[in-house]
Amino acid sequence: MGTRIGYAVGAFDLFHVGHLNLLRHAKQHCDILIAGVVSDEMLRQVKGIEPVIPTAERAEIVRHISFVDEVYVETSPSKMDSWRDVQFTHFFKGDDWRGTEKGLRLEREFAEVGVEVVYFPYTAHTSSSSLRRALDAITAGATPVAAAGH
């Protein structure tokens, strides 16, 4: 059996324990873990999200997680483009994708090039979306003085 090269991708914006869990679980299932960090442009284009933390800073944070061997910044919405660049053998994703149209399409595409898709439990109690909503609520309730940091 050859070297297992794992790939776990995410925005990794507002880094939280769910991100850490994904990377930790992924590293347990491969020899080399490459973390894909979705670029600001792709987040805007694909998810319609304005990142809080810029791409370069998110990549720097993820690069220093002990489970991560390399970081790859995704600039294309196609995971096959990422595979062509990185040549991973295993693709790791939260199980919220399992059985979905996107997940099944990904499994079919990756099966054609011999990549195994591995799902890990999604950390439902913490997500970037919930953190984003909390920040929005805090910001909406902030007075100009509080928002200025006084």
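Note that the structure is predicted; figures quoted are calculated from it, not measured.

Looking at this model, I keep getting lost on the overall build of the chain. Mind explaining?
Tallying secondary structure elements over the chain gives seven helices and five strands in all. Taking all 150 residues of the chain together, 41% fall into the buried category. Contacts spanning at least 24 positions in sequence make up 75% of the contacts within the chain whose residues lie at least 6 apart. Carbon and sulfur atoms provide 55% of the accessible area of the chain, an area that totals close to 8500 Å².

What is the right way to look at the environment of Val52 in this model?
Looking at the secondary structure, you find Val52 in the loop between α2 (40-47) and α3 (55-63). A relative accessible area of 44% places Val52 in the partly exposed class. A C-alpha to C-alpha distance of 7.1 Å links Val52 and Leu14, two positions 38 residues apart in sequence.

Explain the pattern of salt bridges to me, please; I cannot follow it from the model alone.
Side chains that differ in charge, positive against negative, can pair when their charged atoms come close. A full pass over the atoms with the stated rule returns seven salt bridges. Residue Arg58 pairs with Asp40 through a salt bridge whose shortest N-O separation is 2.5 Å. With Arg58 in helix α3 and Asp40 in helix α2, the pair connects residues that are 18 residues apart, well separated along the chain. According to the relative accessible area criterion, Arg58 is buried, its value standing at 0%. Residues Asp81 and Arg84 are paired through a salt bridge, measuring 2.8 Å at the closest nitrogen-oxygen approach. Note that Asp81 and Arg84 are positioned in helix α4 (residues 79-86) at a spacing of three residues, about one turn of the helix. Residue classification places Arg84 among the partly exposed residues on the basis of a relative accessible area of 47%.

Here is what the cut-offs are and how they apply
Along every chain, residues carry numbers that run from 1 in the direction the sequence is written. Reporting of local features is limited, given that this is a predicted model, to residues whose pLDDT is at least 70; pairs of side-chain atoms are given and counted only at 80 or more, and all residues count toward the totals for whole chains, interfaces and linings. Where side-chain values are given, they derive from all heavy atoms of the structure, hydrogens and water being excluded. Under the scheme used here, helices are H or I runs from DSSP no shorter than 4 residues and strands are E runs no shorter than 2 residues, and both carry numbers assigned from the N terminus. Relative accessibility thresholds used throughout: buried, under 20% of the residue-type maximum; exposed, over 50%; partly exposed, between the two (1.4 Å probe, protein chains only). Contacts between residues were defined by any pair of non-hydrogen atoms, one from each residue, lying within 4.5 Å. The accessible surface values rely on the Shrake-Rupley method and a 1.4 Å probe; as for residues, cover is taken only from the protein chains in view. Take a side-chain nitrogen of Lys or Arg and a carboxyl oxygen of Asp or Glu: if they are within 4 Å of each other, that pair is a salt bridge.

The values reported here are purely geometric and, on their own, carry no functional implication.
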